[in-house]
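Each chain is listed here by its residues.
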Amino acid sequence: MTTRGTSTSYDVVILGAGPAGYTAALYAARAAFRTRLLGGYQPGGQLTLTTEVENYPGFAHGVLGPELMEQMREQALHFGAEIVDDQVSGVEFGQQPLTVFAGEQSYTARAVIIATGASALWLGLASEERLRGHGVSSCATCDGFFFRNQAVAVVGGGDTALEEALHLSRSASKVTVIHRRDTLRASAILQARARANPKISWALEQEVIEVLGDQLVDGVRLRNTRTGLESVLPVQGLFVAIGHRPNTELFAGQLTLDLDGYIVTQQHTATSVPGVFAAGDVSDRRYRQAITAAGEGCKAALDAGAFLSGEDWSGNVSGEQHPSTAPTIRAAD
Ligand code: NAP
């Protein structure tokens, strides 16, 4: 095994500090497993980029995303999880114990829970890249403030795009939603809210082919996806909200990933490598909610606990006799 710098041993090492990672840390530490969470470059995950979270159960009047994540972090710390916000630079899952590298430091553990989440996708235009941070953004909550009383556009037709548009409508003078089809993918409730908002207008069946502007964005060139006709929409800000890709580059070649890079879980949260479990957006292309990520973090910690307690995971596919029902795990409840 390769070693670099200092190496420390844990029962469970968790990668990622979103709802899945923090919940896994809380459960693993509370079950008395020596637990280390490596938060990565964005502690708190995607929820630190949002304002109000209205649909996390237990908060009748909503909760701020960063506040929710801070509470989860404190709760995990309270039960003894060690949390550092180091960026993981590599992993070695070829043998037990498993090894995780973070710069010069390495950590060994018999169980690793991957909860590294997903990152925003971009359109892939050279002009978009050139003007990123100068009017092009993927986070209305972070950057909307800079476009007070200005015209902005949001690209995308999903829930994220409409949430961004609704958020921006509070301060921008006008928000245009640019979507490549004539029907939106977003949920009915968000569509109804956005359609009722007088500041939001629609550029449907349109794609952005260029972001215009020298130092700062001053417009976007659009192409009608049906007719091919081009037009220019003057805007000072462009928010790209076209989905996410899982943060799994580190695991390529070590774990089974699907064609889009999501970690394939084979039995509950177990991955293709014994002792490695996955939770949250890194393995979930369908639900991608804070509450489902937290739920999966819980499941992954219970599964890791069962693995550490010596339960046999091989060939147990019935679900009825799954080790997570074993009393050894329940004892910590
Ligand atoms: P999404 O549902 O995958 O939607 C992505 C949107 O971007 C789609 O409308 C897609 O168009 C468009 N798109 C993708 N690639 C594009 C490209 N290259 N150029 C132009 N447009 C492109 O992603 P999301 O909105 O981020 O939502 C992800 C998940 O999180 C969903 O399950 C969603 O329900 C959930 N979510 C929930 C909430 C909430 O409940 N409050 C909030 C945010 C997100 P097409 O429609 O043509 O494919």
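What you see is a predicted model; the values in this text were computed from it and never measured.

**As for the packing of helix α1 (residues 19-30) against helix α7 (residues 290-308)**
- It is the contact of α1 with α7, at a shortest axis distance of 7 Å, that shows an interaxial angle of 35°. Read as a crossing pair, α1 and α7 show a hand that is right-handed. Along its contact with α1, which presents Pro19, Ala20, Thr23, Ala24, Tyr27 and Ala28, the element α7 presents Ala290, Ala293, Ala294, Gly297, Cys298, Ala301 and Leu302.
- Split into classes, the residues belonging to the contact of α1 with α7 amount to eleven nonpolar, two polar and no charged.

**Some words on unusual backbone geometry**
- The omega torsion across glutamine 96 and proline 97 is -5°, close enough to zero to call that bond cis.
- Inspection of the secondary structure assignment puts proline 97 in the loop between β6 (90-92) and β7 (98-102).
- Positive phi is not limited to glycine here, since asparagine 149 has a value of about 60°.
- By the element assignment, asparagine 149 lies in the loop between α4 (140-143) and β11 (151-155).
- Notably, histidine 268 is not glycine yet its phi reads approximately 55°, a positive angle.
- Along the chain, histidine 268 turns up in the loop between β18 (244-246) and β19 (276-278).

**Examining the sheet that holds strand β13 (residues 200-204)**
- Across the sheet, which stays open at both edges, the five strands sit in the order β10-β17-β11-β12-β13 with parallel pairing between neighbours. Since the sheet does not close on itself, it has two edges, and those belong to β10 (136-137) and β13, each with one partner.
- Looking at chain direction, β11 and strand β12 (residues 174-179) are connected through five bridges and run parallel. Residue pairing for β12: valine 155 is matched across the bridge by isoleucine 178.
- Packing against the sheet, helix α5 (residues 159-169) makes contact with β11, β12, β13 and β17 (237-240), and its axis sits at approximately 165° to β11.

**Things to note about the packing of aromatic side chains**
- In total, this model carries six aromatic pairs according to the counting rule given.
- Here the aromatic rings of tyrosine 56 and phenylalanine 59 are separated by 6.2 Å at their centres, their planes lie at 50°, and the arrangement is tilted.
- Where phenylalanine 145 meets phenylalanine 146, the ring centres are 5.7 Å apart and the plane angle is 75°; that geometry is what we call edge-to-face. Across the pair, phenylalanine 146 and phenylalanine 145 agree in class, each one exposed.
- Arginine 132 extends its terminal NZ or CZ atom over the ring of tryptophan 122, reaching a point 3.9 Å from the ring centre.
- The cationic tip of arginine 195 hangs over the ring face of tryptophan 202; the distance from NZ or CZ to the ring centre is 5.0 Å.

Here is what the cut-offs are and how they apply
Residues numbered from 1 in each chain as written. Predicted model: local features only at pLDDT ≥ 70, side-chain atom pairs only at ≥ 80, totals over all residues. Heavy atoms only, no water. Axes fitted to C-alpha atoms, helices over the stretch in contact; angles between N-to-C directions. Helix = DSSP H or I, 4+ residues; strand = E, 2+ residues; numbered from the N terminus. Left-handed = near helix turned anticlockwise from the far one by under 90°. Contact = heavy atoms within 4.5 Å. Nonpolar A, V, L, I, M, F, W, Y, C, P; charged D, E, K, R; others polar. Pairing = 2+ DSSP bridges. Phe/Tyr/Trp six-rings, centres within 6.5 Å; stacked < 30°, edge-to-face > 60°. Buried < 20%, exposed > 50% of the residue type's maximum accessible area, 1.4 Å probe, protein only. Lys NZ or Arg CZ within 6 Å of the ring centre and 35° of its normal.

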